[in-house]
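Observations on the model geometry
Below are the chains, spelled out letter by letter.
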Amino acid sequence: MFKETRQTDRHIMVPDLATVAQHLLVDGHDLDVARAAVTELFVDHRLSCPTASARRPVTVSTRHFDALSLCFFDYGREIQIMPDELSDFYLMIVPLNGGMQLQAGNEHLTCGTGGAILLPPDRKIVMQWSEAATQVIVRIDKAKLRRGLDAYFGQSLVAAPNFQVAVNWSSDSMAPLRHAMALLASTARLGSRQPGIKLIEQGAEHAFVHALLSLHPSDLTAAISTGKLSSACPRNVRRAEEFIEANLAQPISIDDLVAVSDASSRALFEGFNRFRGMSPLRFVRCRRLQRVREALSEADEMTSVISVAMSWGFQHMGRFAAEYARQFGEPPFETLKRARNQRH
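None of these values were measured; they are calculated from a predicted model. The written sequence of each chain sets the order in which its residues are numbered from 1. Whole-chain, interface and lining totals are the exception, using all residues; otherwise, since this is a predicted model, local features are given only for residues with pLDDT of at least 70 and side-chain atom pairs are given and counted only at 80 or more. With hydrogens and water stripped out, all remaining heavy atoms of the structure feed into the side-chain values.

Digging into the overall build of the chain
Tallying secondary structure elements over the chain gives 13 helices and twelve strands in all. Here the chain has a C-alpha radius of gyration of 22 Å; the compact-globule value for 344 residues is 20 Å, and the two agree. Seen through its principal axes, the chain has C-alpha atoms that stretch 60 × 50 × 40 Å. Each residue's exposure class comes from its accessible area (1.4 Å probe, protein chains only) as a fraction of the maximum for that residue type: buried when under 20%, exposed when over 50%, partly exposed otherwise. Residues classed as buried in the chain amount to 47% of the 344 residues present. Runs of E in the DSSP output that reach at least two residues are strands. Runs of H or I that reach at least four are helices, and both are numbered from the N terminus. Taken over C-alpha atoms, the radius of gyration is set against a globule rule of 2.2 Å times the number of residues to the power 0.38.

Right, here's the structure in full:
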């Protein structure tokens, strides 16, 4: 079923696994224990094994940084993995040995050593790992990646990049990405008390993220190359966006957007999903969250998170706080606290 391969190509740089293994998370044969630990690391997921026997114990180790986490996985058996939606992060999977088959939405891929997979948020994922498979996985925080792009473009992006799933890991063009991953892993060997280690880690993270954005295809590749976001999108999407911006503080329904855009609801959904990476009403909520953040960033002592959130149409504070943290990487009270501290 799988083409078993091993890590031999001199171009395929991977982290020092001994370094990652210093931060062991799982070591044993109990899949339930492994699933619980990995759920805490990523998202809830289901595991299915065609046979009960295992050639090796389950081994999972991880090293957390800021925007990235570096992990090593060996389930020691053929296994199917069905994760819940990766709404807050991307996962880059780099096979060291063995192979894997992937279904991401309607896309079907096979990957072995020399390649890699970048699992996208917001798609249904099913993975089948071979018995010999060992993998390095990089968890990439979506909100922090997007904040870096906000700074680069000088404006807030509504959606994070939509990357190509298949990564040509062993190509010469990907050498900076491989080197950045290896550097990131090597910092763990030095120890957290080593002078200057945090600066080195930050530099390695920035190098990895910048290499990923610059070298791996996404829907923002052209914009990143030129430094300018394209305004090209269908007229019906632009009309809907203009209406949204003018009426953000008021209730907005999909019927309102269909009426002002002069398009069918299907065409409007397709346009927003293709050019904005989300549905029209999700776009509305993202723009309202951005307005809340702007207000909290300019807050005084009399400002409260609840009053600002409610002024922009958020009624359920628990849901609002979760969406805010998912979009900006911090809870709203942290934004408010930082704004107040800057005034003193």
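Concerning a nonpolar patch on the surface
Think of a patch as exposed residues, more than 30% relative accessible area, with no salt bridge, where like charges cluster within 9 Å and nonpolar side chains (Val, Leu, Ile, Met, Phe, Trp, Tyr) cluster within 5 Å. The Shrake-Rupley method, run with a 1.4 Å probe, gives the accessible areas here. Residue values count only the displayed protein chains as cover. Here, a salt bridge means any side-chain nitrogen of Lys or Arg that lies within 4 Å of a carboxyl oxygen of Asp or Glu. Among the surface-exposed residues, Leu183, Leu190 and Ile200 lie close enough to one another that they form a single nonpolar patch of about 240 Å² accessible area. With respect to the helices and strands, Ile200 occurs in helix H5 (residues 197-215).

Brief notes about the side chain of Glu201
As for its placement among the helices and strands, Glu201 is situated in helix H5. Once you skip the residues sitting within four places of it in the chain, Glu201 turns out to touch Arg63, Phe65, Leu184 and Thr187. Any two residues whose heavy atoms approach within 4.5 Å are treated as being in contact.

A closer look at the pattern of salt bridges
Enumeration according to the criterion identifies 14 salt bridges in this entry. Linking Asp44 and Arg35 is a salt bridge whose minimum nitrogen-to-oxygen distance equals 2.6 Å. Salt-bridge contacts for Glu201 lead to Arg63; the nearest nitrogen and oxygen are separated by 2.8 Å. Note that Glu201 is positioned in helix H5 and Arg63 in strand E3 (residues 58-64), a separation of 138 residues in sequence. Accessibility assignment for this pair places Glu201 and Arg63 in one class, buried. By sharing partners, the salt bridges in this structure join Arg63, Lys198 and Glu201 into a single network.

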